[in-house]
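# Observations on chain architecture
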Amino acid sequence: FYLLVTVLLSLILHEVAHGYVAYRCGDATAKWMGRLSLDPRKHLDPIGTICMFLFGIGWAKPVPVDMRYFKHPKSGMALTALAGPASNFLLAYAAMLLYALFYGLLYAGAVSGTLSVGLLDFCWLLASLSVGLGVFNLIPFPPLDGSKVLEGVLPDRIYYQILRFERIGIVVLMAVLWTGVLAG
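## Concerning the nonpolar core
- Judged by nonpolar contacts, L91, A92, A95, F102, L120, F122, C123, L126 and A127 together constitute the single largest core of nine residues.
- Those elements that provide at least two residues to this core are α4 (73-108) and α5 (113-137).
- A per-element tally of this core places α5 first, with five residues.
- The contact partners of A95, leaving out residues within four places of it in the chain, are C123, L126 and A127.
- V7, L11, A60 and L133 belong to the second largest nonpolar core, which has five residues in total.

Here it is in structure tokens:
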């Protein structure tokens, strides 16, 4: 149960953050499509969700972003991409603040041990998963967010060369994850 809730919360806030920052940068696509919502049905990709629970590798439905609406397309896309991992790090920080609060309440005897231990476990799992998701998404490899952040600071000629290979990035990334190369 804890794993399900933490995965949903981390993924949904990640995608909503992308949509919100895109909206603030001038692209209302996510808003028009109802994707600035915390409703899990708006964000869950059926195959990505099944893969997450079966193989530990999964994904949410990416929030649609049309960078043509951005006043500064490269920097707008970089900020939009950075918003997802940033939301994960902020969620992890909030989870650890709650962890400290529940730990203090448990130590003071203000709450029962069973309840506090459950809340401590939940907060720890939420923080761990959120940090992992944020760090993983910062890897500068398409289609991960880190590639969009990197592209935002690259010179235009290199940026356009990288865009040509973006479509095969997901296939290469899934193959690398599937083979367990990154698992150590």
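Still more to cover.
## Notes on α4
- Between its first and last C-alpha atoms α4 spans 52 Å; for 36 residues at 1.5 Å apiece the expected length is 52 Å, and the two agree.
- The largest bend in α4 comes to about 30°, at A83, with the proline P85 one to four residues further on.
- Backbone geometry just downstream of α4 places G109 in the positive-phi region, at approximately 80°.

## Regarding the pattern of salt bridges
- In total, this model carries four salt bridges according to the counting rule given.
- Its salt-bridge partner being D39, residue R41 comes within 2.8 Å of it at the nearest N-O pair.

## Considering the packing of helix α1 (residues 2-24) against α5
- Between α1 and α5, whose axes approach to 9 Å, the crossing angle comes to 40°. As far as their axial angle goes, α5 and α1 are oblique. Considering the relative orientation of α1 and α5, their crossing is right-handed. From α1, Y2, L3, V5, T6, V7, L9, S10, L11 and H14 reach across to α5, where they touch G118, L119, D121, F122, L125, L126, L129, S130, L133 and N137.

Definitions and limits used
Residues numbered from 1 in each chain as written. Predicted model: local features only at pLDDT ≥ 70, side-chain atom pairs only at ≥ 80, totals over all residues. Heavy atoms only, no water. Core = buried A, V, L, I, M, F, W, Y, C linked by side-chain atoms within 4.5 Å. Buried < 20%, exposed > 50% of the residue type's maximum accessible area, 1.4 Å probe, protein only. Helix = DSSP H or I, 4+ residues; strand = E, 2+ residues; numbered from the N terminus. Contact = heavy atoms within 4.5 Å. Expected span 1.5 Å × (residues − 1). Bend = angle between axes of the 7 residues up to and from the residue. Salt bridge = Lys/Arg side-chain N within 4 Å of Asp/Glu carboxyl O. Axes fitted to C-alpha atoms, helices over the stretch in contact; angles between N-to-C directions. Parallel < 35°, antiparallel > 145°, perpendicular 65-115°, else oblique. Left-handed = near helix turned anticlockwise from the far one by under 90°.

Remember, this is a structural readout, not a statement about activity or role.
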